[in-house]
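# Report on the structure
What follows is each chain in one-letter form.
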Amino acid sequence: MSAIHSLRHHPPPLLNNSKIHCQKSKNDVAFEEKKSVSVDYDSGQHHVSTRLTGVRKADLQKRYRLKVAGDRFQKDLTLSQVVQKILELNAKYDDVEYVLNHWIGRFARKNFPYLIKELTQRGELEHSMLVFSWMKLQKNYCARSDIYNMLIRLHARHNCTDQARGLFFEMQEWRCKPDSETYNALINAHGRTRQWRWAMNIMEYMLREAIPPSRSTYNNLINACGSSGNWREALNICKKMTENGVGPDLVTHNIVLSAYKTGGQYSKALSYFELMKGTNIRPDTTTLNIVIYCFLKLGQYEKAIDIFSSMRKKTSECQPDIVTYTTMIHLYSVSGQIENCKSVFSIMLAEGLKPNIVSYNALVGAFASHGMSEEALSVFNQIKASGFRPDVVSYTSLLNSYGRSKQPEKAKEVFNLMKKAKLKPNVVTFNALIDAYGSNGLLVEAVDILRKMEQDGIQPNIVSISTLLTACGRCGRKVNIDTVLSAAKMRGIKLNTVACNSAIGSYMNVGEYEKAVALYKSMIKMKVALDSVTYTVLISGCCKMSKYDEALEFFADMMDRKISLTKEVYSSVICAYSKQGRVTEAESIFNMMKMAGCCPDIITYTTMLHAYSAAECWEKISALLHEMEESKIQPDTIACSALMRAFNKGGNPAQVLTLADFMKEREIPFNDTVFFEMISACSLLRDWRTINNLLKLMEPSLSITSVGLLNQLLHVTGKSGKIESMMKLFFKIIASGAEINFDTYSIMLKNLLAVGNWRKYIEVLEWMEDAGVHPSLGMYHDILSYAQKGGGAEYAVIIQGKIVDVFGKFHRVGRKC
């Protein structure tokens, strides 16, 4: 008893010092993180690494030091060295076990959590689980919730929800009680895989265990619902969060905004952002990125650009990041501002931001959408040069660029290169290839791609069917439209609005009006939503087929359903009314279009010009022209020809020549119709000098000039009395190889007869016979009448003799007379 008493009151000094002073201080230093920095000046890169020493041999108890003493295979490694050796292995259990069993630090239990922490931070799932399995077999292992929490979070990063749940149940079997961090990690794991119902159940289990949820718990749960597109449930949880006294923070607001974005509720997201402004929480870059995306989806490009500009200011607290620039590239691509896409990408590089694969893909996609295949290929090569590996999106975008630029064979080459790169094409890739062939009229090849798609185990979707239907319409294949629809039905693909619109448009393009209407009626019966595209295709198709009454019936139905009208619908309805001579109704629709805030384009104005011209409303034509000038809409060739026709009909031929001067100033190209109206105006004004100038202007293109315009030129030249000029023009027409017809000879004969040149008249008749164009009976009558009445008896005998000598038809003609 005295010995025990003495030992209690007088412990050995060495043991006392090692336990209290020396060992504790060494452990504190052992787990301090030490950062090391390495700089590569050649490449301009730097690398920062964190090193941990951990409990080493000198810090172990004496019995462990003695156990490994003299064993040359036992290594006194630091924690960072052990982690590095493990990561260099091929994740085979025996190899990992060998490294760990020869590590002296395994005898210190305090090394285990830091070892797992280092591995999980690197994101190495397989290595971490092998180390954890080895750890559980050690005698000094003690189950800890922080180790399980780290492993559950690691499984969440890899979307392994089943394994994360397994760890959750395992830790309870080891009598390790889950804490709030455990539940947060588990909810986050299910949120990443969009299993929001599981996340809700875990939250309820957490409450039953009397563990109070933190703000992070609510944020993870809101994110689980929002990432699944269930924005209503996410909003309800946000309200409960406030009711339970846990106020939302910036992360909460961003998650709610993201939930609205994922659920396609862009207007609601912007409204929520306005409410957020009223709080003391300032938005960050993530917030503004979501807002820019919502403006993009709503087509409010100017507002999105304003936010982007405000972020780029030096005084802004929210500087744009890689996501911001990528979104802006997509915005400018959708709005057709391809030059701005390149500018934004250049600004991103100038700001020192390194593009990721998503940024490169956005730029490739921008070029692809505009058919700029060379530029898309250049960016695709930049992806490789930057050290990235092109993914499925990269190849699909490049493939699409060749399809849009009418190079289907090169699109197929990209498809084959994608397979060589061991990347599996998805349904979007196949659809892009189908469109590449179908949009270029190669329907057979497009169908073959569809079959190849099914052979590769990828089922066609509604986009595949819509693409084929559109291709059928372009190729004018009536039978194939029905075949594609039957194929969709056999595969259980239900037609949506886009597919039905494609089929209706294809039927209209090939003149199958009844089938188009039948499909339209089936849409109503099957409760497939009708939109503005449906009616636009129907109404414009009816107008092309001259079915104006039917077009107006569809228009009335569209108005009854309160579907927003498009420019194409307005123009088609105005055309339908004008073709029926109902100018008042056409004018009413035109005014309705302007009142609705839909600015008329050049096609609409041209349609109204035709309507006013047919009704001879000359004053309204002048007013319409003035309105076009105020709206800064420059008339095109078709509009100018319609105006010229109206001026000629209205008795204002001088305006035609004025308009021609205007076209020259604005470099508006002339066509045959414009020349025809100009020649007619010159004829009315008897302006032969201008006609001669027009002849010189048109002389290089006589071979491609229409026969109607050539006949008009001959008529006006002959009418002016310049027979020699008329004959010279005729010889030039013959020399150019231009087409001439019976009317051409008829015009020349009438002008020759008008000046009494009967010799040339008979010669032209001979040319007609030589050209295989048989003169009419009236032509013979005209020359005989001239011989009998105007030429005198002496010339009559000579003319009759000429006809008999040249053609031998005088007696037959005389008998018929």
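Everything numeric here is computed off the predicted structure, so don't read it as measured data.

## Examining the overall build of the protein chain
- Per the secondary structure count, the protein chain includes 46 helices and two strands.
- Across the 817 residues in the protein chain, those meeting the buried criterion constitute 45%.
- Sequence-distant contacts, at least 24 apart, represent 60% of the contacts inside the protein chain between residues at least 6 apart.

## Regarding unusual backbone geometry
- Positive phi outside glycine occurs at lysine 422, with the angle close to 60°.
- Relative to the assigned elements, lysine 422 resides in the loop between helix 23 (408–420) and helix 24 (427–438).
- The phi angle at lysine 562 is positive, at roughly 55°, despite the residue not being glycine.
- Relative to the helices and strands, lysine 562 resides in the loop between helix 31 (548–560) and helix 32 (567–579).
- On the basis of relative accessibility, which here comes to 76%, the residue lysine 562 falls in the exposed class.

## Considering the packing of aromatic side chains
- Evaluated as defined, the whole model comprises 24 aromatic pairs.
- Both rings, one in phenylalanine 132 and one in tyrosine 141, keep their centres 6.5 Å apart while their planes meet at 80°; by these two values the pair is edge-to-face. Note on accessibility: phenylalanine 132 and tyrosine 141 belong to one class, buried.
- Seen in terms of ring centroids, tyrosine 183 and tyrosine 205 are 6.2 Å apart; in terms of plane orientation they differ by 50°. Their pairing is tilted. With tyrosine 183 in helix 10 (residues 180–192) and tyrosine 205 in helix 11 (residues 196–208), this residue pair connects regions lying 22 residues apart in the sequence.
- According to the relative accessible area criterion, tyrosine 205 is partly exposed, its value standing at 27%.
- Three or more aromatic residues joined by ring pairs form one cluster here, namely Phe132, Tyr141, Tyr148 and Trp174.
- Cation over ring: arginine 165 sits above tryptophan 198, and NZ or CZ is 3.9 Å from the ring centre.
- Above the ring of tyrosine 293, the side-chain terminus of lysine 261 is found at 4.9 Å from the ring centroid.

## Quick word on the nonpolar core
- Residues Leu100, Val131, Ile539 and Phe554 are the most contacted members of the largest nonpolar core, which totals 237 residues.
- The residues touching leucine 100, leaving out its near neighbours within four places in the chain, are Val82, Ile86, Arg106, Leu115, Val131 and Trp134.
- The next biggest cluster of nonpolar side chains, apart from the first, holds seven residues, and it includes Tyr64, Val68, Ile104 and Phe107.

## Some thoughts on the environment of leucine 100
- Turning to its location among the elements, leucine 100 is positioned in helix 5 (residues 93–101).
- Between the C-alpha atom of leucine 100 and that of valine 83, which follows or precedes it by 17 residues, the distance is 9.9 Å.

## Brief notes about the side chain of asparagine 751
- You can see asparagine 751 is positioned in helix 42 (residues 742–754).
- Residue asparagine 751 is classed as buried on the basis of its relative accessible area of 9%.
- Setting aside chain neighbours within four positions, we find asparagine 751 in contact with Leu714, His715, Gly718, Lys719, Ile723 and Met726.

## A look at the confidence of the model for the protein chain
- When pLDDT is averaged along the protein chain, the result is 81; 89% of the residues meet or exceed 70.
- Counting interchain partners and residues more than four positions distant, the pLDDT-below-50 stretch residues 1–25 has six contacts.

## A word on the packing of helix 28 (residues 497–509) against helix 30 (residues 532–544)
- Where helix 28 contacts helix 30, the axes come no closer than 9 Å and their chain directions differ by 5°. Taken together, the axis directions place helix 28 and helix 30 in an arrangement best described as roughly parallel. Counted together, Thr497, Asn501, Ile504, Gly505 and Met508 of helix 28 and Val533, Thr534, Val537, Leu538, Gly541 and Cys542 of helix 30 form the full contact between these two elements.
- Partitioned by chemical class, the residues of the contact of helix 28 with helix 30 number six nonpolar, five polar and no charged.

## Looking at the side chain of asparagine 140
- Here asparagine 140 is to be found in the loop between helix 7 (125–136) and helix 8 (145–157).
- Overall, asparagine 140 belongs to the buried group, its relative accessible area being 16%.
- A distance of 3.2 Å separates a polar atom in the side chain of asparagine 140 from the backbone oxygen of arginine 106.

## Looking at helix 28
- With 13 residues, helix 28 extends 18 Å between its outermost C-alpha atoms, agreeing within 8% with the 18 Å of an ideal straight helix rising 1.5 Å per residue.
- The buried count for helix 28 comes to eleven of 13 residues, which makes it a mostly enclosed element.
- Capping the start of helix 28, asparagine 496 holds a side-chain oxygen 3.3 Å from the backbone nitrogen of valine 498, two or three residues further along.
- Once helix 28 finishes, glycine 511 follows within two positions and takes phi at roughly 80°, a positive value.

## A closer look at the pattern of salt bridges
- As enumerated under the stated definition, the model contains 17 salt bridges in all.
- A salt bridge links aspartate 456 to lysine 419, with the shortest nitrogen-to-oxygen separation between them at 3.2 Å. Taken together, the positions of aspartate 456 in the loop between helix 25 (443–455) and helix 26 (462–475) and lysine 419 in helix 23 put the pair 37 residues apart, joining distant regions of the chain.
- With a relative accessible area of 25%, aspartate 456 lands in the partly exposed category.
- Salt bridges here are not isolated pairs; linked through shared partners, they connect Lys419, Lys452 and Asp456.

## Brief notes about the environment of serine 359
- Mapped onto the secondary structure, serine 359 falls in helix 20 (residues 357–369).
- Taking the C-alpha atoms as reference points, serine 359 and isoleucine 329, 30 residues apart in sequence, are found 8.1 Å from one another.

## A closer look at the packing of helix 8 against helix 10
- For the pair helix 8 and helix 10, the least separation of the axes is 8 Å and the interaxial angle reads 10°. As judged from the angle between their axes, helix 8 and helix 10 are roughly parallel. From helix 8, Asn149, Ile152, Arg153, Ala156 and Arg157 reach across to helix 10, where they touch Glu181, Thr182, Ala185, Leu186, Asn188, Ala189 and Arg192.
- Considered class by class, the residues forming the contact of helix 8 with helix 10 number five nonpolar, three polar and four charged.

## Observations regarding the state of the cysteines
- Enumeration according to the criterion identifies zero disulfides in this entry.
- Not engaged in a disulfide, the cysteine cysteine 542 finds its nearest cysteine sulfur in cysteine 543; these two sulfurs lie 7.0 Å apart.
- Of the residues examined, cysteine 542 reaches a relative accessible area of 0% and is grouped as buried.
- Sulfur of cysteine 599: no disulfide; nearest cysteine sulfur belongs to cysteine 598 and is 7.1 Å away.

## With respect to the environment of valine 344
- Structurally, valine 344 is set in helix 19 (residues 338–350).
- Valine 344 sits in the buried class, given a relative accessible area of 4%.
- With residues up to four places along the chain from it excluded, the contact list for valine 344 reads Tyr325, Met328, Ile329 and Tyr332.

Quick notes on the rules
- Residues numbered from 1 in each chain as written.
- Predicted model: local features only at pLDDT ≥ 70, side-chain atom pairs only at ≥ 80, totals over all residues.
- Heavy atoms only, no water.
- Helix = DSSP H or I, 4+ residues; strand = E, 2+ residues; numbered from the N terminus.
- Buried < 20%, exposed > 50% of the residue type's maximum accessible area, 1.4 Å probe, protein only.
- Contact = heavy atoms within 4.5 Å.
- Phe/Tyr/Trp six-rings, centres within 6.5 Å; stacked < 30°, edge-to-face > 60°.
- Lys NZ or Arg CZ within 6 Å of the ring centre and 35° of its normal.
- Core = buried A, V, L, I, M, F, W, Y, C linked by side-chain atoms within 4.5 Å.
- pLDDT = per-residue confidence, 0-100.
- Axes fitted to C-alpha atoms, helices over the stretch in contact; angles between N-to-C directions.
- Parallel < 35°, antiparallel > 145°, perpendicular 65-115°, else oblique.
- Nonpolar A, V, L, I, M, F, W, Y, C, P; charged D, E, K, R; others polar.
- Polar contact = N/O pair within 3.5 Å; in protein donor to acceptor, adjacent residues only side chain to side chain.
- Expected span 1.5 Å × (residues − 1).
- Salt bridge = Lys/Arg side-chain N within 4 Å of Asp/Glu carboxyl O.
- Disulfide = S-S within 2.5 Å.

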